[in-house]
Amino acid sequence: MATSRADTKVIVVGGGGTMGSSTALHLVRSGYTASNITVLDTYPIPSAQSAGNDLNKIMGIRLRNKVDLQLSLGARDMWRNDGLFKPFFHNTGRLDCEGTEKGISSLRRQYQDLLDAGAGLEESNDWLDSEDAILAKMPLLPRDQIKGWKAIFSRDGGWLAAGKAINAIGEELRKHGVNFGFGGAGSFKQPLFGDDEKTCVGVETKDGTKYYADKVVLATGAWSPALVDLDDQCCSKAWVYAMIQLSPQEAAEYKDSPVVYNGDIGFFFEPNEDGVIKVCDEFPGFTRFKEHQPYGADKPKRISVPRSHAKHPTDTYPDASEKTIRRAISTYLPRFSDKELFNRALCWCTDTADAALLVCEHPKWKNLILATGDSGHTFKLLPIIGKHVVELLEGNLAQDLAHAWRWRPGGDPLKSRRAAPAKDLADMPGWNHDASTKASL
């Protein structure tokens with residue numbers, strides 16, 4: 001007889017991040033007993049190691065396949081209407097721009113895909129064919145920097161107060177009585193198995209604590225391929241950002257500005273309530289390859305291993321990134337080119353070859369569920385992705401999602417669907433400011 005939801009015990013490893021916290025929330029919302037749910041993470045929710053614990057993330061609907069459409073629409077509706085998530089969606093709009101012939105051609109295809117989706121997106125997306133049309137949506141852009149640009153303006157886009165949203169989930173989980181393990185008691189060491197050595201029955205953490213459950217979800221983001229052997233399906237990469245501080249008067253001018261994105265330059269967000277603007281460049285990411293042996297691998301292998309900014313707070317980003325961040329500022333915000341940058345940092349995600357998630361049972365071990373492979377575009381799914389992980393746990397994940405997210409070795413996650421393969425941090429000076437400290441996970 002199948003175990004009921006009320007009696008099923010579930011461990012969520014990496015539960016302080018995007019996919020893990022969403023999974024824990026949807027377990028509670030689906031009727032699982034809160035005291036039977038255990039959230040483990042190296043840091044308290046929102047985890048300091050999670051890419052989702054950030055000032056802001058982009059919200060918008062962009063389509064590569066029907067799965068993207070379904071998920072994006074579902075997430076959009078929850079950001080708009082769910083009481084837990086609604087406060088963190090800043091519906092300022094999203095302005096996707098291109099200025100090269102190749103970029104504009106790609107942008108036109110994106111726009112046509114939106115029109116052809118059959119989801120009413122033609123009502124919320126406009127093609128902007130001139131500098132005047134772009135400036136009508138974002139008057140503070142400098143005209144001399146956007147000559148020849150075209151754009152899509154998405155009224156259903158904007159930005160998400162990312163860290164605050166995950167924190168709200170954490171408060172909800174605590175209110176319901178979910179169990180937590182942090183620090184050494186929350187840091188994954190290895191799975192535990194039953195007598196058949198194939199059925200996962202729990203997790204041992206680095207301090208020796210053993211937790212037992214009917215199902216274990218590994219939602220450890222960029223750390224996933226370093227923790228458990230994923231047969232080279234995921235490659236973890238870092239992207240970069242920096243922040244600038246505006247005066248109250250300057251921040252007031254930029255209030256309610258849309259997110260502005262250009263694939264050759266980067267993007268920026270409106271100031272938050274403290275007058276801080278986050279600026280990102282756009283590039284294929286940085287790897288950090290090491291000889292490392294994840295659990296389940298028969299020997300060490302080359303794996304891109306993240307370096308935790310929480311453990312190495314003096315890390316910044318490579319010297320080359322300073323130039324590209326400054327270029328983005330001089331393009332979008334030239335009046336602030338002389339402002340000091342702060343919070344320069346690397347943000348770690350993990351790419352799959354086709355940029356689709358890896359959400360499936362590990363083929364070697366029953367009841368060990370993977371929820372990873374974010375490919376840099378998963379935070380917008382925070383309100384809904386956990387629902388689908390729970391469906392997988394229960395054996396009723398929709399066939400199209402199960403196929404898209406299946407175990408699928410092969411392909412090239414180093415390049416993924418990006419413009420070029422990532423460069424390695426070993427070849428990029430300037431980011432490591434504690435060279436005397438031995439690098440660790």
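Residues numbered from 1 in each chain as written. Predicted model: local features only at pLDDT ≥ 70, side-chain atom pairs only at ≥ 80, totals over all residues. Heavy atoms only, no water.

Caption draft 1: Representation of the overall build of the protein chain. When helices and strands are counted, the protein chain shows ten helices and 24 strands. In terms of overall size, the protein chain behaves like a compact globule, its C-alpha atoms giving a radius of gyration of 22 Å where 441 residues would be expected to give roughly 22 Å. Once the C-alpha set of the protein chain is aligned to its principal axes, its extents read approximately 70 × 55 × 40 Å. The buried share of the protein chain, reckoned over its 441 residues, is 58%. Contacts in the protein chain between residues far apart in sequence, at least 24 positions, make up 76% of those at least 6 positions apart. Element-wise, carbon and sulfur atoms account for 49% of the exposed surface of the protein chain, whose accessible area totals about 18,300 Å². (Helix = DSSP H or I, 4+ residues; strand = E, 2+ residues; numbered from the N terminus. Rg over C-alpha atoms; globule rule 2.2 N^0.38 Å. Buried < 20%, exposed > 50% of the residue type's maximum accessible area, 1.4 Å probe, protein only. Contact = heavy atoms within 4.5 Å. Areas by Shrake-Rupley, 256 points an atom, 1.4 Å probe, with all protein chains shown as cover.)

Caption draft 2: How the structure looks around the packing of helix H1 (residues 18-29) against helix H9 (residues 382-393). Running from N to C, H1 and H9 cross one another at 65°; their axes reach a closest spacing of 7 Å. By the angle between their axes, H1 is roughly perpendicular relative to H9. When the axes of H1 and H9 are compared, the crossing they make is right-handed. Taken together, the residues of H9 that come into contact with H1 (itself represented by Thr18, Met19, Ser21, Ser22, Thr23, His26 and Leu27) are Leu382, Pro383, Ile384, Ile385, Gly386, Lys387, Val389, Val390 and Leu393. Its residues assigned to classes, the contact of H1 with H9 shows nine nonpolar, six polar and one charged. (Axes fitted to C-alpha atoms, helices over the stretch in contact; angles between N-to-C directions. Parallel < 35°, antiparallel > 145°, perpendicular 65-115°, else oblique. Left-handed = near helix turned anticlockwise from the far one by under 90°. Nonpolar A, V, L, I, M, F, W, Y, C, P; charged D, E, K, R; others polar.)

Caption draft 3: Examining the confidence of the model for the protein chain more closely. Model confidence for the protein chain is summarised by a mean pLDDT of 95, while 98% of its residues fall at 70 or above. Here residues 436-440 is a poorly scored stretch, pLDDT under 50, and it has ten contacts once near neighbours within four places are set aside; other chains count. (pLDDT = per-residue confidence, 0-100.)

Caption draft 4: Main features of the pattern of salt bridges. Evaluation of the coordinates by the stated rule reveals 28 salt bridges. For Arg76, the salt bridge is made with Asp77, and the minimal N-O distance between the two is 3.8 Å. Overall, Arg76 belongs to the buried group, its relative accessible area being 12%. As a salt-bridge pair, Asp129 and Arg108 come within 3.6 Å of each other at their nearest N and O atoms. One end of the pair, Asp129, is in the loop between strand S6 (125-128) and helix H4 (131-137); the other, Arg108, is in helix H3 (residues 101-116), with 21 residues separating them in the sequence. Assessed through its relative accessible area of 40%, Asp129 is described here as partly exposed. The network of salt bridges with shared partners includes Asp229, Asp232, Lys301 and Lys364. (Salt bridge = Lys/Arg side-chain N within 4 Å of Asp/Glu carboxyl O.)

Caption draft 5: Region of interest: the nonpolar core. Formed by 125 residues in total, the largest nonpolar core has its most connected members in Trp79, Leu95, Leu333 and Trp405. In terms of residue count, the dominant contributor to this core is strand S14 (residues 234-245) (eight residues). Filtering out sequence-adjacent residues up to four positions away, Leu95 remains in contact with Leu128, Ile134, Lys137, Met138, Leu141, Ala151, Ile152, Phe153, Pro258, Val259, Val260 and Tyr261. (Core = buried A, V, L, I, M, F, W, Y, C linked by side-chain atoms within 4.5 Å.)

Caption draft 6: Molecular detail of the environment of Thr33. Considering the arrangement of structural elements, one finds Thr33 in the loop between H1 and strand S2 (37-40). The exposure class assigned to Thr33 is partly exposed, which follows from its relative accessible area of 28%. A sequence separation of 123 residues divides Thr33 from Asp156, and the C-alpha atoms of the two residues are 36 Å apart. Thr33 has contacts with Arg5 and Ala6, leaving out every residue within four places of it along the chain. Side-chain polar atoms of Thr33 contact the backbone oxygen of Ala6, separated by 2.6 Å. (Polar contact = N/O pair within 3.5 Å; in protein donor to acceptor, adjacent residues only side chain to side chain.)

Caption draft 7: Up close: the packing of helix H2 (residues 66-81) against H9. At a minimum axis distance of 7 Å, the contact between H2 and H9 shows a crossing angle of 120°. In terms of axis orientation, H2 runs oblique to H9. Where H2 abuts H9, its residues Gln70, Leu71, Gly74, Ala75, Met78 and Trp79 lie against Leu382, Pro383, Ile384 and His388. Class assignment for the residues of the contact of H2 with H9 results in seven nonpolar, three polar and no charged.

Caption draft 8: Looking closely at the side chain of Lys278. For Lys278, the position within the fold is in strand S17 (residues 276-281). In this structure the side chain of Lys278 is engaged in a polar contact, spanning 2.6 Å, whose partner is the side chain of Asp54. A polar atom in the side chain of Lys278 sits 2.7 Å from the backbone oxygen of Asn56.

Caption draft 9: Focus on the pairing of strand S5 (residues 94-98). With five of five residues buried, S5 is to be regarded as a mostly interior element. Here S5 pairs with strand S7 (residues 150-154) via five bridges, running antiparallel. If you follow Leu95 over to S7, its bridge partner there is Phe153. When S5 meets strand S15 (residues 259-262), the two strands line up parallel, connected through four bridges. The partner of Asp96 across the bridge, within S15, is Tyr261. (Pairing = 2+ DSSP bridges.)

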